[in-house]
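Analysis of the macromolecular model
Now for the letters of each chain:
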Amino acid sequence: RAHVAIVGWACTTLCLVSYAAAFSHGASLSACTDMMPRHLRAQLHSPSNNYITVHTNMSFYFPGDKVPVTVRSTRDFMGFLLQARKVSNNEIAGTFVFIPPGSKLLTCFEDGDTVTHSDKSLKRNLSFVWKAPDQPIGDIKFFISVVQSYFVYWAKIESAIVAQ
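Here goes a summary of the coordinates provided. Just so we're clear, the structure is a prediction, and the values are computed from it rather than from any experiment. (Residues numbered from 1 in each chain as written. Predicted model: local features only at pLDDT ≥ 70, side-chain atom pairs only at ≥ 80, totals over all residues. Heavy atoms only, no water.)

So, the overall build of the protein
Helices and strands together make up the secondary structure of the protein, namely 1 helix and 10 strands. In the protein, the succession of helices and strands from N to C terminus is α-β-β-β-β-β-β-β-β-β-β. Split into buried and exposed, the 164 residues of the protein put 40% on the buried side. Counting only contacts in the protein whose residues sit at least 6 apart along the sequence, the fraction spanning at least 24 positions is 67%. As displayed, the protein has an accessible area near 8800 Å², and 61% of this comes from carbon and sulfur atoms. (Helix = DSSP H or I, 4+ residues; strand = E, 2+ residues; numbered from the N terminus. Buried < 20%, exposed > 50% of the residue type's maximum accessible area, 1.4 Å probe, protein only. Contact = heavy atoms within 4.5 Å. Areas by Shrake-Rupley, 256 points an atom, 1.4 Å probe, with all protein chains shown as cover.)

Right under this line is the structure:
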């Protein structure tokens, strides 16, 4: 009986570890639309109770502009997913042309339109550069989902509007 219990425990542990490791190298494409992590039993926290800000020093932009985006946190976090979205219809827009170490580009709808973590090292302050499309798309906001731990996350923390 003890042997069966140990084997069962080992199999369960290995399955959970391999499932958890799948997200340690970035969000999956299944998170592109709603920006929600796909962790087992993950607990969503209210966006108003977060310790993260996402902002840019530009209040407006022109087509083709490069816009610096800064994520600041008062606590360490492990994972994230960052996108720019049109205010008019919530579509992902533009591409990221500079990303910090510990992150990688993800293709949700076009190459480089999303950034996620590339490892589970602790992060706090991150800087990115987003490039606006060459054609007018209207006002945008930046959105970030942040995973503090495998079980705690905040989804779609938003920046102020950046007008076109």
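Now that the structure has been shown, the text picks up again.
Overview of the packing of aromatic side chains
Following the criterion strictly, the structure yields 6 aromatic pairs and no others. With a centroid separation of 5.8 Å and an interplanar angle of 65°, the aromatic rings of F80 and F128 are classed as edge-to-face. Linking F80 in strand β4 (residues 79-86) with F128 in strand β8 (residues 126-131), this pair joins segments that are 48 residues apart in sequence. Each member of the pair, F80 as well as F128, carries the same accessibility label: buried. Geometrically, the ring pair formed by W130 and F142 is edge-to-face, given 5.5 Å between the ring centres and 85° between the ring planes. Pair noted here: W130 is in strand β8 and F142 is in strand β9 (residues 140-149), with a separation of 12 residues, a long-range link. Assessed through its relative accessible area of 0%, F142 is described here as buried. Every member of this aromatic cluster is reached through a ring pair, and the members are Y61, W130 and F142. (Phe/Tyr/Trp six-rings, centres within 6.5 Å; stacked < 30°, edge-to-face > 60°.)

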